[in-house]
Amino acid sequence: MLLLTNSWLEWGGTALVAVLVFVETGFLLGLVVPGGETLLFTAGLLCGVDQLKIPIALLVPLLIVSAVLGDLTGFWLGQKLGNRLEHQPNTFIFKRRYWEKAKNYYRQHPHRTLLVGRFLPIIRTFNPLLAASSGMPLSRFLGLTGVGCVAYISTLVLAGYWLGQLFPELGQYVEYIFMGIVALVIGTLLLKAYQERNQPDA
């Protein structure tokens with residue numbers, strides 16, 4: 001995000017968004033880097049103002065595939081880790097209180113969590129691990145998370161696209177939009193680091 005030029009957006013923007021959607025659930029980075037919803041909405045907006053040189057009919061399926069692959073990677077990690085997550089200490093990426101919150105929600109609504117949990121940041125990140133560690137069959141997990149990914153990606157990307165089509169002049173402020181996202185991410189990371197330092201876990 002250092003060179004916010006039209007050529008950078010055209011060639012790297014789509015790939016970057018797809019990678020970030022993948023790693024959010026594939027490698028638990030959704031617990032560290034915020035803004036999954038913001039990222040998808042912005043991708044749709046940039047497509048709507050013709051800054052991302054990819055048709056919306058291709059962008060949405062691409063990001064859905066990235067999200068599903070990320071979930072499958074997280075599911076695989078959950079199978080490999082098994083019950084070891086129950087004894088995993090706090091790290092910068094893994095927080096036990098987040099794990100307990102997601103686990104309790106999942107226990108109450110396992111199927112609903114996979115369908116609508118995509119819209120809930122912490123739940124979204126832990127969903128694949130919880131499904132795998134609970135023994136859910138891969139076929140059932142794939143079906144449920146697939147529906148959730150389609151709803152999540154389509155809603156946010158198409159909302160951004162609609163706004164871009166409605167107000168094409170927003171294309172003049174693309175660099176400011178990206179700088180705002182960078183500021184949001186960095187600011188949130190600094191805030192989390194400060195809170196972790198001054199409020200130790202119970």
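Small disclaimer: the values here were computed from a predicted structure and weren't measured.

**Topic: helix α2 (residues 36–48)**
Okay, step 1: Along its 13 residues, α2 runs 18 Å from first to last C-alpha, staying within 8% of the 18 Å computed at 1.5 Å per residue.
Okay, step 2: Within α2, ten of the 13 residues are buried, leaving the element largely enclosed by the surrounding structure.
Okay, step 3: All of the buried residues in α2 are Gly36, Leu39, Leu40, Thr42, Ala43, Gly44, Leu45, Leu46, Cys47 and Gly48.
Okay, step 4: Just beyond α2, the residue with positive phi is Asp50, at close to 65°.

**Quick notes on the confidence of the model for the protein chain**
Okay, step 1: Mean pLDDT over the protein chain: 79, with 78% of residues reaching 70 or higher.
Okay, step 2: Throughout residues 1–6 the model reports pLDDT below 50, and contacts reaching past four residues in sequence, or to other chains, amount to eight contacts.

**A closer look at the nonpolar core**
Okay, step 1: Residues Val21, Leu40, Leu59, Leu63, Ile153 and Val157 are the most contacted members of the largest nonpolar core, which totals 22 residues.
Okay, step 2: Elements that contribute at least two residues to this core include exactly α1 (6–26), α2, α3 (56–81) and α7 (138–166).
Okay, step 3: Of the residues forming this core, the biggest block, seven residues, is contributed by α3.
Okay, step 4: Leaving out residues up to four positions away in the same chain, Val157 has contacts with Leu40, Gly44, Ile56, Leu59, Val60 and Leu63.
Okay, step 5: Grouped together as the second largest cluster of nonpolar side chains are 18 residues, Leu85, Phe126, Leu129 and Leu144 included.

**Topic: the packing of aromatic side chains**
Okay, step 1: Tallying each qualifying case throughout the model produces two aromatic pairs.
Okay, step 2: An angle of 25° between the planes, with centres 4.6 Å apart, marks the rings of Phe75 and Phe141 as stacked. Linking Phe75 in helix α3 with Phe141 in helix α7, this pair joins segments that are 66 residues apart in sequence. In this structure, Phe75 and Phe141 share a single accessibility class: buried.

**Details of the environment of Gly78**
Okay, step 1: Turning to its location among the elements, Gly78 is positioned in helix α3.
Okay, step 2: Under the relative-accessibility criterion, Gly78 is labelled buried at 2%.
Okay, step 3: Linking Gly78 and Leu129, residues 51 residues apart in sequence, is a C-alpha distance of 4.2 Å.
Okay, step 4: Sequence-distant contacts of Gly78, that is, excluding residues within four places in its chain, are made with Leu129 and Ala132.

**Remarks on the packing of α2 against α7**
Okay, step 1: In the contact formed by α2 and α7, the axes pass within 6 Å of each other and the chain directions differ by 40°. Classed by the angle they form, the pair α2 and α7 counts as oblique. Judged by the sense of rotation from one axis to the other, the crossing of α2 with α7 is right-handed. When α2 is examined against α7, the residues Gly36, Glu37, Leu40, Phe41, Gly44, Leu45, Cys47 and Gly48 are found in contact with a partner set consisting of Tyr152, Ile153, Leu156, Val157, Ala159, Gly160, Tyr161, Leu163, Gly164 and Gln165.
Okay, step 2: The class makeup of the residues in the contact of α2 with α7 is eleven nonpolar, six polar and one charged.

**What about the side chain of Thr25?**
Okay, step 1: Relative to the assigned elements, Thr25 resides in helix α1.
Okay, step 2: Owing to a relative accessible area of 1%, Thr25 belongs among the buried residues under this scheme.
Okay, step 3: A distance of 2.8 Å separates a polar atom in the side chain of Thr25 from a polar atom in the side chain of Asp71.
Okay, step 4: Sequence-distant contacts of Thr25, that is, excluding residues within four places in its chain, are made with Ala67, Gly70, Asp71, Gly74, Arg118, Arg124, Thr125 and Pro128.

Reading the values: the criteria
Residues numbered from 1 in each chain as written. Predicted model: local features only at pLDDT ≥ 70, side-chain atom pairs only at ≥ 80, totals over all residues. Heavy atoms only, no water. Helix = DSSP H or I, 4+ residues; strand = E, 2+ residues; numbered from the N terminus. Expected span 1.5 Å × (residues − 1). Buried < 20%, exposed > 50% of the residue type's maximum accessible area, 1.4 Å probe, protein only. pLDDT = per-residue confidence, 0-100. Contact = heavy atoms within 4.5 Å. Core = buried A, V, L, I, M, F, W, Y, C linked by side-chain atoms within 4.5 Å. Phe/Tyr/Trp six-rings, centres within 6.5 Å; stacked < 30°, edge-to-face > 60°. Axes fitted to C-alpha atoms, helices over the stretch in contact; angles between N-to-C directions. Parallel < 35°, antiparallel > 145°, perpendicular 65-115°, else oblique. Left-handed = near helix turned anticlockwise from the far one by under 90°. Nonpolar A, V, L, I, M, F, W, Y, C, P; charged D, E, K, R; others polar. Polar contact = N/O pair within 3.5 Å; in protein donor to acceptor, adjacent residues only side chain to side chain.

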